[in-house]
Amino acid sequence: MAGVHEDVNLRPLNGFKLDFSANPGFKKVFFSASCECGTAALLSLEVSEEKTDIDIKAALPSLIERIEMQEKSFRRMDCSMHSMMRTGFTPDNGN
């Protein structure tokens, strides 16, 4: 992906059409990041439908920074946290 740091490992998910946006009039662009443990994260950016190509191009450095921060946050989690994300298991805190 152009403009993304080389240590970032994201895959764009073309054709992925979930409409979970809380903001009507925004389009989501989805990416996948995966870990060696088999967990994959669904990352996304929202872009207003009212933005022109010129607006989006001007905002691209900020958009890239935002998706890189999401990916790095996912990678900073250890695999036990990833496992909990996959299974929905939450520790019982000793109860």
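What you are looking at is a predicted structure, and each value in this text was computed from that prediction instead of being measured.

Scoring rules and cut-offs
- Residues numbered from 1 in each chain as written.
- Predicted model: local features only at pLDDT ≥ 70, side-chain atom pairs only at ≥ 80, totals over all residues.
- Heavy atoms only, no water.
- Helix = DSSP H or I, 4+ residues; strand = E, 2+ residues; numbered from the N terminus.
- Buried < 20%, exposed > 50% of the residue type's maximum accessible area, 1.4 Å probe, protein only.
- Contact = heavy atoms within 4.5 Å.
- Areas by Shrake-Rupley, 256 points an atom, 1.4 Å probe, with all protein chains shown as cover.
- Core = buried A, V, L, I, M, F, W, Y, C linked by side-chain atoms within 4.5 Å.
- Expected span 1.5 Å × (residues − 1).
- Bend = angle between axes of the 7 residues up to and from the residue.
- Pairing = 2+ DSSP bridges.

Caption draft 1: Structural view of the overall build of the protein chain. What the protein chain contains, in helices and strands, is two helices and three strands. Within the protein chain, the proportion of its 95 residues that are buried is 23%. In the protein chain, the share of contacts with a sequence separation of at least 24, taken over all contacts with a separation of at least 6, comes to 45%. Entry remark: accessible area of the protein chain is about 7100 Å², with carbon and sulfur atoms responsible for 53%.

Caption draft 2: The arrangement of the nonpolar core in detail. One finds F31, A33, A41, L43, L45, V47, L63, I67 and F74 forming the largest nonpolar core, which totals nine residues. Put simply, the parts of the chain that give this core at least two residues each are β2 (26–34), β3 (40–48) and α1 (53–76). Setting aside chain neighbours within four positions, we find L63 in contact with L45, V47 and I56.

Caption draft 3: Region of interest: the side chain of T39. Mapped onto the elements, T39 comes out in the loop between β2 and β3. Here T39 is in contact with A33, S34, F74, H82, S83 and R86, once residues within four sequence places are set aside.

Caption draft 4: Structural view of α1. In a regular helix each residue adds 1.5 Å, so 24 residues correspond to 34 Å; α1 covers 33 Å between its end C-alpha atoms and thus fits that length. By the largest-angle criterion, L60 marks the main kink of α1, which is about 55 degrees, and a proline, P61, follows within four residues. Taken together, the buried positions of α1 are occupied by L63, I64, I67, E68, E71 and F74.

Caption draft 5: Here's a closer look at the pairing of β2. Relative to β3, β2 runs antiparallel, the two sharing nine bridges. Bridge pairing links F26 to S48 in β3. As consecutive antiparallel partners, β2 and β3 are separated by five residues, and within that stretch G38 has a phi angle of approximately 100 degrees, a positive value.

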